[in-house]
Amino acid sequence: MAAKQPGVTVRVPAKVNLCLNVGPTDGDGYHQLATVFHAVDLTDDVTVRPSRHWECTITGPYADKVPTGHANLAMRVAQRLADECYEAGPVSMTIDKSIPVAGGMAGGSADAAAAMIAVDQLFNLQLTKLDFTDLAAEIGSDVPFALTGGTAFGSGRGDQLAPVLTTGRYEWVFALHHEGLSTPKVYAEFDRLNAHRKIGFPQVPGELLAALRSGDPRELAGALSNDLQEAAVSLMPRLQDTIDTGLAEGALGAIVSGSGPTVAFLTADRSAALDLMVALTASGVADDVVSASGPHPGARVISTIRPV
Ligand code: ATP
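Report follows, based on the coordinates. (Residues numbered from 1 in each chain as written. Predicted model: local features only at pLDDT ≥ 70, side-chain atom pairs only at ≥ 80, totals over all residues.)

## Re the site of the ligand
Next, step 1: Every one of the 22 residues lining the ligand counts as a neighbour, but Ala106, Gly107, Gly108, Asp111 and Thr183 are closest to it.
Next, step 2: Listed by contribution, the elements that provide at least two residues to the shell around the ligand are helix H1 (73-84) and helix H2 (107-122).
Next, step 3: No other element matches the four residues that H2 contributes to the shell around the ligand. (Near = placed C-beta within 6 Å. Helix = DSSP H or I, 4+ residues; strand = E, 2+ residues; numbered from the N terminus.)

Following this line, the structure appears as structure tokens:
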């Protein structure tokens, strides 16, 4: 019997920000954030195999929107590890992508986190937690959360994480829009809209933390907030129609995810989520509608075949 080809597959979740409080900029021009990340079971699978050449193949509904060279954050992580660690070498990478691209759900950062774990496992690099944290923060501020998953408080640029006590599971519906929104453009619009407003030190509202402890989706729905929503809607006014339609069709709460343009709707339970999916799809306000539940664990190995 032929030996199976060695390879490691890591599954990694998308995130939604339950609150995104944007504060003043730091010395490098980055806004200080106070956010609560929440991972949902909308996932990408990243597989790496040892290879003579660098290769990247993307599969799934968003394949044509994702770069396959060094611009791909997951490839960049793998190449960086090959440069730094003599045990590591080129890989053939496959990303089976279900996380919407440029949708404010941190799909690129998720794939980078997955690649880190996959390459470590494939070449037995035995990276420490500190190695992972340093590399994650260097690649992007959403990467550390993709490693931990669950529900977490993020401060600084969103990369300083602390756990948040939560109970229960939450059922979400995501309304996707094919037209992407660039995160830097959304921040620039936020700056324009807030040029004459006083921006305070960013904080997570206490009512959000209390809602997460209660496990009650109605309480959580009332506590969702996103300071970037106004800017995202200003750049893409159709987002307001999507929000209004979802709320009229029974969603408990609605929020633009991160810098958008995905709109996240919180529902009472699984059956309400399915009803909302049908209603939103029929309304035609969004280009695609998917459901997911959270919290979900961070990047995890789901299959390993080590080289013999
Ligand atoms: P964030 O919420 O972190 O701002 P996002 O969800 O809005 O991110 P991504 O899906 O991460 O956006 O993609 C942003 C851009 O990053 C894409 O347009 C794409 O060109 C590039 N990119 C690089 N690597 C990847 C990847 N592995 N998956 C998706 N996009 C990637």
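## Quick look at the packing of H2 against helix H3 (residues 129-139)
Each pair of packed helices gets described by two things: the angle between the helix axes and the distance between those axes.
Next, step 1: Remark: H2 packs on H3, axes separated minimally by 10 Å, with the N-to-C direction vectors making an angle of 150 degrees. With respect to H3, the axis of H2 lies roughly antiparallel. Seen along the crossing, H2 lies across H3 with a hand that is right-handed. For the pair H2 and H3, the contacting residues are Ala112, Ala113 and Met116 in the first and Phe132, Leu135, Ala136 and Ile139 in the second.
Next, step 2: Of the residues contributing to the contact of H2 with H3, the split by class is seven nonpolar, no polar and no charged. (Axes fitted to C-alpha atoms, helices over the stretch in contact; angles between N-to-C directions. Parallel < 35°, antiparallel > 145°, perpendicular 65-115°, else oblique. Left-handed = near helix turned anticlockwise from the far one by under 90°. Contact = placed C-beta atoms within 7 Å. Nonpolar A, V, L, I, M, F, W, Y, C, P; charged D, E, K, R; others polar.)

## Describing the environment of tyrosine 62
Next, step 1: Inspection of the secondary structure assignment puts tyrosine 62 in the loop between strand E3 (55-59) and H1.
Next, step 2: Take tyrosine 62: there are 20 C-beta atoms within 10 Å of it, and that puts it in the buried class.
Next, step 3: A sequence separation of 114 residues divides tyrosine 62 from leucine 176, and the C-alpha atoms of the two residues are 12 Å apart.
Next, step 4: With residues near it in sequence (within four places) discarded, tyrosine 62 still touches Lys97, Pro100 and Val101. (Buried ≥ 20, exposed ≤ 12 C-beta atoms within 10 Å, placed from the backbone.)

## Considerations on the sheet that holds strand E11 (residues 288-294)
Next, step 1: Within the open sheet, the four strands sit side by side as E9-E10-E7-E11. Their pairing is antiparallel. Of all strands in the sheet, those with a lone pairing partner are strand E9 (253-256) and E11, marking the two edges. Put simply, the sheet's adjacent strands are angled 25 degrees from each other on average, direction ignored.
Next, step 2: Bridge count between E9 and strand E10 (residues 263-267): four bridges; the pairing is antiparallel. In the strand pairing of E10, isoleucine 255 is matched with alanine 264.
Next, step 3: Helix H9 (residues 238-248) rests against strand E7 (170-176), E9 and E10 of the sheet, and its axis sits at about 10 degrees to E10. (Pairing = 2+ DSSP bridges.)

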